[in-house]
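If you want the building blocks of each chain, they are given just below.
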Amino acid sequence: MKALVISGGGNKGAFAGGIAEFLIKELKKDYQVFLGTSTGSLLIPLLSVGRVDRIKKVFTSVTQEDIFSTNPFRTVTDKNGKPKTKIHHLNVIKMFVKNKKTFGESENLRKLIRRSFTLSDFNELKSSNRSVVVTVANFSRNHVEYKHSNKCHYLDFCDWVWASANLVPFMSLLHKDGCDYADGGFGIFIPIQKAIEMGATEIDAIILRTQKVSSKIITSDNPMELFLNSFSFMINQIAIDNIKRSMWKGKENKVKINYYYIPDELTNNVLLFEPSKMSVWWEEGFEYAANTDPVVLDSRKKSLLNFFN
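Everything in this summary refers to the structure shown in the same document. (Residues numbered from 1 in each chain as written. Predicted model: local features only at pLDDT ≥ 70, side-chain atom pairs only at ≥ 80, totals over all residues. Heavy atoms only, no water.)

1. Details of the pattern of salt bridges
Convention followed: For salt bridges, the criterion is a side-chain nitrogen of Lys or Arg within 4 Å of an Asp or Glu carboxyl oxygen. Think of it this way: any DSSP run of H or I at least four residues long counts as a helix, any run of E at least two long counts as a strand, and we number them from the N terminus. Under the scheme applied here, a residue whose accessible area is under 20% of the maximum for its type counts as buried, over 50% as exposed, and between as partly exposed, the area being computed with a 1.4 Å probe on protein chains only.
According to the stated counting rule, one finds 19 salt bridges in the structure shown. Across the pair Asp 156 and Lys 176 runs a salt bridge, and its minimum N-O distance is 2.8 Å. Taken as a pair, Asp 156 in helix H8 (residues 154–164) and Lys 176 in strand S7 (residues 174–176) lie far apart in primary sequence, 20 residues in all. Of the residues examined, Asp 156 reaches a relative accessible area of 29% and is grouped as partly exposed. Its salt-bridge partner being Lys 176, residue Asp 159 comes within 2.9 Å of it at the nearest N-O pair.

2. What about the pairing of strand S9 (residues 202–207)?
Definition in use: We call two strands paired when DSSP finds no fewer than two bridges between them.
Most of S9 is tucked away: 5 of the 6 residues are buried. As paired elements, S9 and strand S10 (residues 256–261) share 6 bridges and run parallel to each other. Across the sheet, residue Ala 205 finds its bridge partner in S10, namely Tyr 259.

3. A look at the packing of helix H1 (residues 13–26) against helix H11 (residues 275–291)
Selection rule: A fitted line through C-alpha atoms represents every axis, and for helices the fit uses only the stretch in contact; the resulting angles, taken between N-to-C directions, go from 0 to 180 degrees. An angle counts as roughly parallel when it lies under 35 degrees, as roughly antiparallel when it exceeds 145, as roughly perpendicular when it falls between 65 and 115, and as oblique in every other case. Crossing handedness is defined as follows: a turn of the near helix away from the far one that is anticlockwise and smaller than a right angle gives a left-handed crossing, while the clockwise case is right-handed. For this analysis, residues touch if any pair of their heavy atoms sits within 4.5 Å. Residue polarity follows a fixed list, in which Ala, Val, Leu, Ile, Met, Phe, Trp, Tyr, Cys and Pro are nonpolar, Asp, Glu, Lys and Arg are charged, and the others, Gly among them, are polar.
With their axes 6 Å apart at the nearest point, H1 and H11 run at an angle of 45 degrees to one another. Considering their axes alone, H1 and H11 lie oblique with respect to each other. The element H1 and its partner H11 pack so that their crossing is right-handed. Along its contact with H1, which presents Ala 14, Phe 15, Gly 17, Gly 18, Ile 19, Glu 21, Phe 22 and Glu 26, the element H11 presents Met 278, Trp 281, Trp 282, Glu 284, Gly 285, Phe 286, Tyr 288, Ala 289 and Ala 290. Its residues assigned to classes, the contact of H1 with H11 comprises 11 nonpolar, 3 polar and 3 charged.

4. With respect to the packing of aromatic side chains
What counts here: We call Phe, Tyr and Trp rings a pair once their centres come within 6.5 Å, taking the six-membered ring for Trp, and we label the pair stacked below 30 degrees between planes, edge-to-face above 60, and tilted otherwise. In this scheme, Lys NZ or Arg CZ marks a charge over a ring once it lies within 6 Å of the ring centre and within 35 degrees of the ring normal.
Applying the stated rule across the entire model yields 15 aromatic pairs. Consider the rings of Phe 96 and Phe 103, whose centres lie 6.2 Å apart with planes at 65 degrees: the pair is edge-to-face. On the basis of relative accessible area, Phe 96 is assigned to the exposed category, the value being 53%. Among the aromatic side chains, those forming a connected cluster through ring pairs are Phe 68, Phe 73, Phe 96, Phe 103 and Phe 170. Taking the ring centre of Trp 160 as reference, the NZ or CZ of Lys 147 above it sits at 4.3 Å. When the ring centre of Trp 160 is taken as reference, the NZ or CZ atom of Lys 176 above it lies at 5.8 Å.

5. Let's talk about H8
Of all 11 residues in H8, 9 are buried; the element is thus mostly enclosed. Listed as buried for H8 are Tyr 154, Phe 157, Cys 158, Asp 159, Trp 160, Val 161, Trp 162, Ala 163 and Ser 164.

6. Points about helix H6 (residues 107–116)
Basically, it comes down to this: Summarising the geometry, the arc corresponds to the directions from the helix axis toward the C-beta atoms.
For H6, the complete set of buried residues consists of Leu 109, Arg 110, Leu 112, Ile 113 and Ser 116. The arc that holds every buried residue of H6, seen down its axis, measures 160 degrees, which confines them to one face.

7. As for the side chain of Arg 110
Of note, Arg 110 is situated in helix H6. What makes Arg 110 buried here is its relative accessible area of 19%. Beyond its immediate chain neighbours, meaning those up to four positions away, Arg 110 contacts Asp 159, Trp 162 and Leu 174.

So, in structure tokens, the structure goes:
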């Protein structure tokens, strides 16, 4: 059984989309299982039913307004012409006045998911031999959960996709079934182990981080940037642990895992959605997949495992 697994990474999901487009349309990969976390969860429903062009259009045209109903950020340009993220004080104050639990809200993303992945698409998925699994963090029970398309009704499944992509406290918190749910990346950056547990024998894993830890110095000029950099640090540590564990699990179960990493850190702000940049990243992802061999666990076990020790 073949599986496509895509990690979290916010706006960098456009690069993952380009890689997935090459794997599905050019290499004709036939996956039975699609698994994702966060931005990966946004990609895989339409990829599972072959709507590559539609998800490409979404990812290369999406704006801040398409994501946030209340945006906790405001973007300014520094003297070098680079965008800088700052707190949108008025919007954050409004959230406090309304007694909300988060700094911002992403109801617009919820609506975008339902517009993009329709009931007809969902029914087609349900009638196929494919399964889509999204990763969510259950804050109330303090653990990660996996939500399967074949065990959900349409609106529930859209809610789980939405929750998987909600990086709180900047985005909405989903309250469902008596629990609070948010971005699966708080616990599982990329659900490779789950794919193995489901019986996958070959996995294409798209990882939206570089293979080697970047030595680039990142500074914070304001509290919002510090907050984002803190989240980036935390999720990076989770990613390293997830990847290391998946390598051992793959070795134990004799699973072939093809790892596709991004060659460079595309951005320091994964919640800044700019269509012009994301269009470029999608095409770069496609070209990267076309011209780069994946890091394969089978043939490079020793070097890969040593790298993460």
